[in-house]
Amino acid sequence: MSRVIVAIDGPGGSGKSTVARGLAARLGWAYLDTGAMYRAVTAEVLRTGLRLDDEDAIARLAAACVIATVPRVTINGRDVHEEVRGDAVNAAVSAVAAIPAVRVAMVARQRAWADAQPGAVVVEGRDTTTVVFPLATLKVYLTASFTERARRRDDEDAGALGRRDQADADRPVSPLRRAAGALVIDTTNLSVEAVIEEIQSCLRTST
Ligand code: DC
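Residues numbered from 1 in each chain as written. Predicted model: local features only at pLDDT ≥ 70, side-chain atom pairs only at ≥ 80, totals over all residues. Heavy atoms only, no water.

**Quick look at the sheet that holds strand β1 (residues 5-9)**
- A sheet is described by the order of its strands in space; here five strands give the open sequence β2-β6-β1-β7-β8, paired in parallel fashion. Both edges of this open sheet fall to β2 (30-33) and β8 (183-186), since each of them pairs with a single strand only. The mean inter-strand angle of the sheet, taken between neighbouring strand axes irrespective of direction, is 20°.
- In the packing of helix α2 (residues 34-48) onto the sheet, the strands contacted are β2 and β6 (121-124), and the crossing angle to β2 comes to about 45°. (Pairing = 2+ DSSP bridges. Helix = DSSP H or I, 4+ residues; strand = E, 2+ residues; numbered from the N terminus. Axes fitted to C-alpha atoms, helices over the stretch in contact; angles between N-to-C directions. Contact = heavy atoms within 4.5 Å.)

**Observations concerning the side chain of E148**
- Considering the arrangement of structural elements, one finds E148 in helix α7 (residues 146-152).
- Overall, the relative accessible area of 14% leaves E148 in the buried class.
- Polar contacts involving the side chain of E148 include one to the side chain of R152, which spans 2.9 Å. (Buried < 20%, exposed > 50% of the residue type's maximum accessible area, 1.4 Å probe, protein only. Polar contact = N/O pair within 3.5 Å; in protein donor to acceptor, adjacent residues only side chain to side chain.)

**Regarding the pattern of salt bridges**
- The full count for this structure, using the stated rule, is 13 salt bridges.
- Close ionic contact of E197 with R26 constitutes a salt bridge, the shortest N to O distance being 3.0 Å. Placement of the pair is E197 in helix α9 (residues 192-206) and R26 in helix α1 (residues 16-27), with a sequence separation of 171 residues.
- Residue classification places E197 among the partly exposed residues on the basis of a relative accessible area of 38%.
- Two residues, R51 and D53, come together in a salt bridge whose shortest N-O distance is 2.4 Å. The residues R51 and D53 share a single accessibility class, namely exposed.
- Members of the salt-bridge network, linked through shared partners, are E44, R47, R78 and E83. (Salt bridge = Lys/Arg side-chain N within 4 Å of Asp/Glu carboxyl O.)

Here it is in structure tokens:
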């Protein structure tokens with residue numbers, strides 16, 4: 001793989017979105033928030049009233065929808081930027097993201113997105129280092145104590161965060177795992193800038 005890809009993984013509240021966005025902005029690289037894609041599908045599932053156990057219908061929706069994540073999150077042209085961070089989507093997204101056919105559809109889009117970029121990319125999300133881009137130039141796994149992650153996610157109830165962690169780690173398809181060879185950074189006591197610095201210094205030695 002000649003393209004430079006930095007893939008950043010980790011549980012909710014580990015800082016991966018902030019760090020990935022900051023790193024991409026600093027380097028002028030394209031950035032993809034894959035969680036926003038699963039969240040957008042979930043918003044559409046909720047809008048259309050599909051049942052969360054209707055996997056076939058949800059899979060069809062995921063295969064056919066049009067998703068954008070920048071500058072705002074949209075699905076089929078509908079702006080869901082705020083909605084995707086709301087309680088309803090938080091509560092349902094793990095179930096949607098656990099459907100194998102949904103993952104197949106999203107992973108294909110994520111790889112196609114990277115292929116279409118003219119330069120280096122930063123990709124962030126739960127299976128980006130293990131499944132989507134296992135051969136990424138640099139794989140980063142961010143972690144932090146549960147207390148700190150819950151503090152950072154002050155818009156999400158700590159109990160809900162814990163349940164989502166568990167659901168994401170326990171699911172049979174693409175569970176949250178540290179990829180072999182990933183740079184592991186505990187961000188509990190680190191500033192965003194310090195984490196970005198550490199990734200950049202590792203990147204200098206791996207490119
Ligand atoms: O990173 P996030 O909190 O925005 O992710 C939202 C949900 O989507 C979360 O439950 C994990 C799931 N997800 C996933 O299964 N695979 C990804 N590549 C990204 C997110």
